[in-house]
Amino acid sequence: IKKIDGADKVVKVCDPGDVFGELALLYNCPRAASVVAKGDCVCWQLDRESFNHIVKDSAAKKRNKYENFLKSVALISSIDAYERSQIADALVPETFNKGDTVVRQDEPGDKFYIVEE
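Residue numbers here run from 1 along each chain, matching the order of that chain's written sequence. Note on the predicted model: pLDDT of at least 70 is required for a residue's local features to be given, and 80 or more for side-chain atom pairs to be given and counted; whole-chain, interface and lining totals, by contrast, use all residues. The side-chain figures draw on all heavy atoms in the structure; neither hydrogens nor water molecules are used.

Colleague: An account of the pattern of salt bridges is requested, with residue identities and associated values reported.
Modeller: The salt bridge definition used is simple: a Lys or Arg side-chain nitrogen within 4 Å of an Asp or Glu carboxyl oxygen. Within this structure, the stated rule accounts for five salt bridges. Here K65 ties to E116 by a salt bridge, and the two come within 3.6 Å at their closest N and O atoms. Here the residue K65 occupies a position in helix α2 (residues 48–70), and E116 occupies one in the segment after α4 (81–90), the gap between them amounting to 51 residues. Because the salt bridges share partners, they merge into one network encompassing R63, E67 and D89. Strands are runs of DSSP state E lasting at least two residues, helices are runs of H or I lasting at least four, and both sets are numbered from the N terminus onward.

Structure follows, in structure tokens:
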């Protein structure tokens, strides 16, 4: 939940396997939103030191890989490094098998795809 123009707005609903709180650790900044449990749940947590030693290095490598790849994407290559890093952080890989329909004509256009391989 995030306060936007004085009103609470749900910005994400988490399902098992989702994560939250990583941006505050990655960028050493205050929480960008509140998380409220809508029912009984179990969450695993990593303290900042463990996160930095284990996850941050991996996240930085992934970000560098994505940023370097994005430099080769014509539509994105001309934007500045900060904007490219924002895109790299937001990328979510989706895997498709031969014959899968990735997008269907007339469906809402709510995602942008970049072919990695």
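Colleague: Explain α2 residue by residue, including any values.
Modeller: The terminal C-alpha atoms of α2 lie 29 Å apart, and with 23 residues this falls more than 12% below the ideal 33 Å at 1.5 Å per residue. Note on bend: at a given residue it equals the angle between the axes fitted to the 7 residues ending there and to the 7 starting there. Taken as a whole, α2 carries its principal kink of about 40° at V55. Relative accessible area decides the class of each residue, using a 1.4 Å probe on protein chains only: under 20% of the type maximum gives buried, over 50% gives exposed, and in between gives partly exposed. Every buried residue belonging to α2 is among F51, Y66, E67 and L70, and all of these are buried. In what follows, residue pairs with any heavy atoms lying within 4.5 Å of each other are defined as contacts. Buried residues in α2 make contact with α1 (22–27), α3 (74–77) and α4. Helices are assigned an expected span. That span is 1.5 Å times one less than the residue count.

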